Amino acid sequence: MSFNKIEHIGIAVKSLESSKKIYEKLLGVSAYKDEKVVSEGVVTSFFQIGKTKIELLAALNDNSPIHKFIEKKGEGFHHIAYEVDDIELETNRLKKEGFIFIYEQPKEGADNKLVNFIHPKSAGGILVEICQEKK
Ligand code: ZN
């Protein structure tokens with residue numbers, strides 16, 4: 001019962017193709033996976049860095065939260081994701097602590113995960129994802 005590690009850092013980008021090239025040069029590895037999450041309106045690319053990952057997120061359409069984010073703030077840091085053992089338990093614990101979640105219940109995210117997000121206004125200005133590997 002705990003937070004285990006920083007699972008990944010999410011970065012909002014305008015173009016997945018051009019940002020992938022930058023990150024491949026920067027990190028010296030290729031993305032190991034591209035994945036569309038239609039329910040979130042995003043297309044993602046993942047890079048493995050030791051025990052953690054970098055997730056690039058681009059908008060699938062103009063209604064995407066990533067499109068709105070980039071219009072407001074520009075490209076860059078989007079969210080930090082913590083891996084937890086039990087997402088239901090942590091969601092309930094954090095709600096009791098007063099954190100405001102974007103979704104009532106954890107939902108399916110990219111990379112074989114159940115995910116939920118804590119609103120930045122209740123978490124010091126940072127969008128926080130908690131995620132658990134689907135078993
Ligand atoms: Zn994420």
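Residues numbered from 1 in each chain as written. Predicted model: local features only at pLDDT ≥ 70, side-chain atom pairs only at ≥ 80, totals over all residues. Heavy atoms only, no water.

For this particular structure, what's the right way to read unusual backbone geometry?
What you tend to see is this: most non-glycine residues have negative phi, and most peptide bonds are trans. In this structure, D111 is a non-glycine residue whose phi angle is positive, near 65°. When its relative accessible area of 8% is taken as the criterion, D111 is described as buried. Non-glycine residue N112 carries a positive phi angle of around 60°. Position of N112 relative to the elements: it lies in the loop between β6 (107-108) and β7 (113-118). (Buried < 20%, exposed > 50% of the residue type's maximum accessible area, 1.4 Å probe, protein only. Helix = DSSP H or I, 4+ residues; strand = E, 2+ residues; numbered from the N terminus.)

Which parts of the structure should I look at to understand the environment of G41?
Looking at the secondary structure, you find G41 in the loop between β2 (33-37) and β3 (42-49). For the pair G41 and S64, spaced 23 residues apart in the sequence, the C-alpha separation amounts to 4.7 Å. Ignoring sequence-local partners within four residues, the contact set of G41 consists of A58, A59, L60, N61 and S64. (Contact = heavy atoms within 4.5 Å.)

Explain the coordination of the zinc ion here, please?
Tetrahedral coordination by four donors places them ideally at 109.5 degrees to one another around the metal; octahedral coordination by six donors ideally gives 90 or 180 degrees. For the zinc ion, the full set of protein donor atoms is H8 (NE2), E55 (OE), H79 (NE2) and E129 (OE), and the range of their distances to it is 2.1 to 2.2 Å. For the zinc ion, the four donor atoms are set out with angles of 85 to 173° between them, so the coordination reads as irregular. Of the residues examined, H79 reaches a relative accessible area of 1% and is grouped as buried. (Donors = N, O, S within 2.8 Å, 3.2 Å for Na, K, Ca; no water. Tetrahedral: all angles 85-135°; square planar, octahedral: opposite > 155°, others 65-115°.)

Please explain the layout of surface pockets as it appears in this structure.
Picture a little ball the size of a water molecule; that probe, rolled over the atoms, points out where space is still empty. Approximately 660 Å³ is the volume attributed to the largest pocket. Along the walls of the largest pocket sit 31 residues, with P65, I66, H78, F117 and L127 positioned nearest its centre. Elements with a minimum of two residues in the lining of the largest pocket: β1 (3-12), β3, β4 (52-59), α2 (65-73), β5 (76-84), β7 and β8 (127-133). With six residues, the top contributor of residues to the lining of the largest pocket is α2. Broken down by class, the residue content of the lining of the largest pocket amounts to 16 nonpolar, six polar and nine charged. (1 Å grid on protein atoms, 1.4 Å probe; cavity = no way out; pocket = protein on both sides within 12 Å on 5 of 7 lines; lining within 4 Å. Points joined across faces, edges and corners; volume = space filled by probe spheres on them. Nonpolar A, V, L, I, M, F, W, Y, C, P; charged D, E, K, R; others polar.)

Is there a simple way to explain the sheet that holds β2 in this structure?
Across a sheet, paired strands are connected by hydrogen bonds in the backbone, their directions being either parallel or antiparallel. Across the sheet, eight strands lie side by side as β2-β3-β4-β1-β5-β8-β7-β6; this open sheet has mixed pairing. Of all strands in the sheet, those with a lone pairing partner are β2 and β6, marking the two edges. Judged from the eight bridges that link them, β1 and β5 form a sheet pairing that is antiparallel. Bridged to I6 within β5 is Y82. Sheet contacts for helix α1 (residues 16-27): β1, β2, β3 and β4; angle to β3, the most-contacted strand, approximately 5°. (Pairing = 2+ DSSP bridges. Axes fitted to C-alpha atoms, helices over the stretch in contact; angles between N-to-C directions.)

Is there a simple way to explain the pairing of β1 in this structure?
In summary, the side chains of a regular strand alternate between the two faces of the sheet. Sheet topology note: the β1/β4 ladder contains five bridges and is parallel. By the bridge assignment, G10 is partnered in β4 with E55.

Sorry if this is basic, but what is going on with the pairing of β4 here?
β4 sits mainly inside the fold: six of its eight residues count as buried. Bridge analysis of β3 against β4 gives eight bridges, and the strand direction is antiparallel. When the bridges of β4 are listed, F47 appears paired with I54.

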